[in-house]
Amino acid sequence: MRAARAGPISPHVTGCGSIDRVKPTALPSTSNAARRALADRPEHLPSLDGLRGLAIVLVLLHNLDVLAPAADRPLAVALLKETLYVGWIGVQLFFVLSGYLITRGLLASRGQPGWMRDFLVKRGLRILPLYWIALLLLTVALPMLGVTLPHPSHFSTAWLWLHLSNWTTPFEPGGGPLPHVWSLSVEEQFYLLVPLLLWPWARSGRTGRVAAIVGAACLLSLVLAALNQADRPSSTFYMLPFRFWELGAGVLLALHLDPATTRPASTRLQTASCFAAAAALAAALALGDSGRFPWPWALVPVAATTLLIAMLMRQSPTSALRHLLSHPLPVFVGRISYSVYLWHWPVIVLMRWTVGLDTPSQQALALGLSLLLGYLSFRFVETPLRRGRADSTRRRTLLTGIGASSLACVALLALTLQHDRISLSVTARSQDWSPSTPVPVDMPHCQVSMSTQSLGEIDLRSLTPEHCRSASTEPLKHRLWVIGDSHAAAYQGLLHALVAQQGLQVEILQKPGCPFLNLRRPLEEESDRCRSFIRAAAARVAEQAHPGDQVFLPSLRLARLGDQWGPKAPPATEPPRPEREQ
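Just so we're clear, the structure is a prediction, and the values are computed from it rather than from any experiment.

*Asks:* Whenever I open this one, the overall build of the chain confuses me. Can you help?
*Replies:* Each helix and strand in the chain was counted, giving 22 helices and seven strands. For the chain, with 582 residues in total, the buried portion stands at 46%. A separation of at least 24 residues holds for 76% of the contacts in the chain among residues at least 6 apart in sequence. Just so you have it, the chain exposes about 29700 Å², and 62% of that area is on carbon and sulfur atoms.

*Asks:* What should I look at first to understand the sheet that holds strand β2 (residues 458–466) in this one?
*Replies:* Strand pairing in a sheet takes place through backbone hydrogen bonds and is either antiparallel or parallel in direction. What the five strands build is an open sheet, ordered β1-β2-β4-β3-β5; its pairing is mixed. Either end of the sheet is taken by a strand with one partner, and the two such strands are β1 (447–455) and β5 (550–552). Going across the sheet, the axis of each strand differs from the next one's by a mean of 20°, ignoring polarity. As paired strands, β2 and strand β4 (residues 505–510) are joined by five bridges and run antiparallel to one another. Considered in β4, the bridge of D459 is made with Q510.

*Asks:* Honestly, the side chain of R479 in this entry has me stumped. Any pointers?
*Replies:* Turning to its location among the elements, R479 is positioned in strand β3 (residues 479–484). Assessed through its relative accessible area of 19%, R479 is described here as buried. Ignoring sequence-local partners within four residues, the contact set of R479 consists of L504, Q505, E507, Q544, H546, D549 and Q550.

*Asks:* Can you walk me through the state of the cysteines in this structure?
*Replies:* Here a disulfide denotes one covalent bond, and it connects the sulfur atoms of two cysteines. Tallied over the full model, the rule gives two disulfides. The disulfide partner of C446 is C468, and the gap between their sulfur atoms is 2.0 Å. On the sign convention where negative is left-handed, the bridge of C446 and C468, at about 110° about the S-S bond, is right-handed. Of the two residues, C446 is situated in the loop between α19 (419–422) and β1 and C468 in the loop between β2 and β3; the sequence distance between them amounts to 22 residues. No difference in accessibility class separates C446 from C468, as the two residues are buried. When the cysteines engaged in disulfides are numbered in sequence order, the chain pairs them as 1-2, 3-4.

*Asks:* So what exactly am I meant to see when it comes to a nonpolar patch on the surface here?
*Replies:* A cluster of nonpolar side chains, namely F332, L365, L369, L372, Y375, L376 and F380, defines an oily patch on the protein surface of about 630 Å² accessible area. Take the nonpolar patch: its biggest share by element is six residues, from helix α17 (residues 360–386). Looking at the element boundaries, L372 is found in helix α17.

*Asks:* Please clarify how the pairing of β2 should be interpreted in this entry.
*Replies:* A regular strand places its side chains on the two faces of the sheet in alternate fashion. Taken together, the nine bridges between β1 and β2 define a ladder with antiparallel strand orientation. Paired with S454 across the two strands is D459, which belongs to β2. Linking β1 to β2, which pair antiparallel, is a turn of two residues; within it G456 sits at a positive phi near 65°.

*Asks:* What's the story with the packing of helix α5 (residues 115–144) against α17 in this structure? I'm lost.
*Replies:* When two helices pack together, their arrangement is captured by the angle between the axes and the distance separating the axes. In contact at an axis separation of 9 Å, α5 and α17 are set at 145° when each is read in the N-to-C sense. For the pair α5 and α17, the sense of crossing is right-handed. Taken together, the residues of α17 that come into contact with α5 (itself represented by L125, R126, P129, L130 and I133) are S377, V381, E382, L385 and R386. In the contact of α5 with α17, the residues fall into six nonpolar, one polar and three charged.

*Asks:* Can you walk me through the confidence of the model for the chain in this structure?
*Replies:* Note: predicted coordinates in regions of low pLDDT should not be interpreted at a detailed level. Summarising the model, the chain shows a mean pLDDT of 75, and 69% of its residues fall at 70 or more. Looking over the chain, one finds the lowest element-wise mean pLDDT in helix α1 (residues 32–40), namely 38, and the highest in β3, namely 94. In the predicted structure, residues 569–582 sits below a pLDDT of 50 and forms one contact with residues beyond four places in sequence or in another chain.

*Asks:* I'm lost on helix α21 (residues 492–502) in this one. Help?
*Replies:* Because an α-helix completes one turn every 3.6 residues, residues spaced three or four positions apart along the sequence face the same direction. When we look at burial in α21, the residues that qualify are Q492, G493, L495, A497, V499 and A500. The positive-phi residue at the C-terminal boundary of α21 is G503, with phi of around 65°.

*Asks:* For this particular structure, what's the right way to read the nonpolar core?
*Replies:* Nonpolar side chains in soluble globular proteins tend to end up buried together. Core analysis: the biggest nonpolar cluster contains 91 residues, and L48, I56, Y100, Y131, L198, I309 and L342 have the highest contact counts within it. At 12 residues, the largest contribution of residues to this core is made by helix α4 (residues 89–107). The next biggest cluster of nonpolar side chains, apart from the first, holds 12 residues, and it includes C514, F516, I534 and A537.

*Asks:* What should I look at first to understand the packing of aromatic side chains in this one?
*Replies:* For any two aromatic rings, the description comes down to two numbers: the centre-to-centre distance and the angle of the planes. The final tally for this structure, using the stated rule, is nine aromatic pairs. Between Y491 and F552, the ring centres sit 5.1 Å apart and the planes meet at 80°, which makes this aromatic pair edge-to-face. With a gap of 61 residues between them, Y491 in the loop between α20 (486–490) and α21 and F552 in strand β5 connect regions that are remote in the sequence. By relative accessible area, which is 34% here, Y491 ends up partly exposed. Overall, F552 belongs to the partly exposed group, its relative accessible area being 30%.

*Asks:* Before we go on, may I ask you to explain the environment of Y191 in this structure?
*Replies:* With respect to the helices, strands and loops of the structure, Y191 is situated in helix α7 (residues 182–197). With relative accessibility at 2%, the residue Y191 sits in the buried group. Taking the C-alpha atoms as reference points, Y191 and G99, 92 residues apart in sequence, are found 9.0 Å from one another.

*Asks:* I would appreciate a short explanation of the side chain of N63 in the present structure.
*Replies:* When you line up the elements, N63 lands in helix α2 (residues 46–64). For N63, a relative accessible area of 16% corresponds to the buried category. In terms of polar contacts, N63 uses its side chain to reach the side chain of H62, at 3.0 Å. In contact with N63, other than residues within four places in its own chain, are H344, W345, I348 and R352.

*Asks:* Just checking my understanding: could you explain the packing of α2 against helix α16 (residues 337–352) for this structure?
*Replies:* Look at α2 against α16: their axes get within 11 Å of each other, and the N-to-C directions meet at 10°. Regarding the angle of α2 to α16, the classification is roughly parallel. Counting all contacts with α2, which are made through R52, I56, V59, L60, N63 and L64, the residues of α16 involved are S337, V340, Y341, H344, W345, I348 and R352. Of the residues belonging to the contact of α2 with α16, the class tally is eight nonpolar, three polar and two charged.

Reading the values: rules and limits
- Residues numbered from 1 in each chain as written.
- Predicted model: local features only at pLDDT ≥ 70, side-chain atom pairs only at ≥ 80, totals over all residues.
- Heavy atoms only, no water.
- Helix = DSSP H or I, 4+ residues; strand = E, 2+ residues; numbered from the N terminus.
- Buried < 20%, exposed > 50% of the residue type's maximum accessible area, 1.4 Å probe, protein only.
- Contact = heavy atoms within 4.5 Å.
- Areas by Shrake-Rupley, 256 points an atom, 1.4 Å probe, with all protein chains shown as cover.
- Pairing = 2+ DSSP bridges.
- Axes fitted to C-alpha atoms, helices over the stretch in contact; angles between N-to-C directions.
- Disulfide = S-S within 2.5 Å.
- Patch = residues over 30% accessible without salt bridge, like charges linked within 9 Å, V, L, I, M, F, W, Y side chains within 5 Å.
- Salt bridge = Lys/Arg side-chain N within 4 Å of Asp/Glu carboxyl O.
- Left-handed = near helix turned anticlockwise from the far one by under 90°.
- Nonpolar A, V, L, I, M, F, W, Y, C, P; charged D, E, K, R; others polar.
- pLDDT = per-residue confidence, 0-100.
- Core = buried A, V, L, I, M, F, W, Y, C linked by side-chain atoms within 4.5 Å.
- Phe/Tyr/Trp six-rings, centres within 6.5 Å; stacked < 30°, edge-to-face > 60°.
- Polar contact = N/O pair within 3.5 Å; in protein donor to acceptor, adjacent residues only side chain to side chain.
- Parallel < 35°, antiparallel > 145°, perpendicular 65-115°, else oblique.

And the structure:
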């Protein structure tokens with residue numbers, strides 16, 4: 001029997017190779033352990049690599065936002081765009097494939113000692129080194145050079161390193177700095193559960209009990225997804241308890257479909273099954289609603305993928321479908337799909353924030369860079385570890401990676417706490433860009449004393465001149481009142497220089513997010529805290545201001561479409577349309 005090379009399974013599946021019918025042949029002269037490994041290792045099925053290639057293409061087209069609809073584009077282009085927008089069903093393809101392939105790999109290890117340990121070590125070696133390299137580059141190295149991804153995390157980045165980011169992504173503005181790794185976290189957590197689910201089989205050798213346990217867990221997961229979809233859609237989308245049934249579908253398929261004993265299906269059954277799977281995928285693309293995912297619209301692509309895998313396993317190698325999916329191009333893309341998926345989102349984000357990602361040429365460049373980085377990572381990181389033979393070498397590599405990950409966490413913590421000292425970026429010197437840093441003044445005539453206090457809803461900062469050197473710059477009798485939101489506080493450095501030069505008393509009354517005299521809406525529509533601030537600030541100025549005092553009212557008075565935490569919600573009511581449109 002021939003042992004096939006096992007490539008990366010998917011952007012989320014990086015486990016065992018695909019399964020084909022096992023043909024008994026003579027084993028070469030080798031050790032008993034090597035014979036068992038060769039005898040129990042499944043053959044590779046290229047068509048499943050091609051299916052992974054199809055899935056990653058759907059994900060890339062969706063995330064690249066190709067064919068963005070425009071008013072002057074024809075209806076066909078807009079419909080095609082909407083179809084490609086539903087590329088997130090590629091995730092369901094990966095989930096089902098992962099459950100199937102990982103389970104078949106574990107079933108093939110029956111009788112081998114230490115099967116659970118070997119499974120976890122192999123999975124760690126396939127996934128963690130490249131994942132850690134990406135995190136080191138994106139969360140440690142690039143920030144030290146002043147390049148940061150948008151949507152900084154509200155939580156510790158340790159959740160990323162521990163493959164638990166799917167539990168924090170629903171609560172992160174914009175999904176956090178690396179929102180796409182949630183699916184990797186789902187699969188890593190699934191990998192820890194699969195050996196436990198197969199434990200009864202390992203003791204008895206019977207799969208019926210395991211199938212009953214997995215089936216019950218899938219049913220429970222599906223019910224939880226249905227019950228939580230309306231009230232907690234984000235948690236339902238990202239967390240394993242609501243996604244387990246998708247991977248469990250692949251597990252159940254692997255338990256009931258043994259490639260060694262499965263006979264090819266009749267031509268009529270193959271044709272009907274392929275049409276049914278294609279119709280289900282087309283329905284998911286045409287009718288799917290991302291706002292109702294995973295319940296109920298994930299049912300359609302999960303069922304279609306399960307049926308498609310079953311048919312691929314029961315078709316002859318010369319069938320049209322297997323021949324199409326076994327073409328070298330989709331097989332190649334499928335083999336590097338994990339690496340491509342890991343790098344494609346940083347490429348998209350960095351291009352969008354630098355050169356742009358609006359034109360077809362820019363989108364093609366992003367696609368090419370993602371494929372190139374994916375191939376290089378597959379060639380120089382995944383492949384050397386995949387070809388490693390000695391178990392001791394594998395364990396040493398894994399332990400080294402765990403040590404490097406721990407050091408990276410310490411370095412990231414130090415980078416966060418001591419950014420001003422260890423960053424290589426010019427932005428490390430906050431005095432060069434922070435608005436609260438006093439602006440240098442040539443030959444200041446007064447020293448400046450600043451005091452801060454909280455007066456109910458008012459954050460008061462007083463800048464007072466002291467020890468002025470000449471009579472011409474003695475403190476003026478009049479004061480400058482600065483009232484506004486955080487934009488008022490942003491003038492603090494310039495106001496500090498003004499006090500030092502002219503000896504003017506400055507009072508800054510500010511409340512972040514509360515513009516004074518908002519020209520876009522009346523006072524009655526402001527929040528309670530902003531109304532309290534505005535009234536308190538007006539009352540203080542009316543009480544303490546004297547004739548000749550000046551008032552400065554800096555505030556944001558434009559509609560805010562987004563900030564560092566992501567896009568803002570659309571207004572509650574739309575503006576009236578012109579009469580011609582009505």
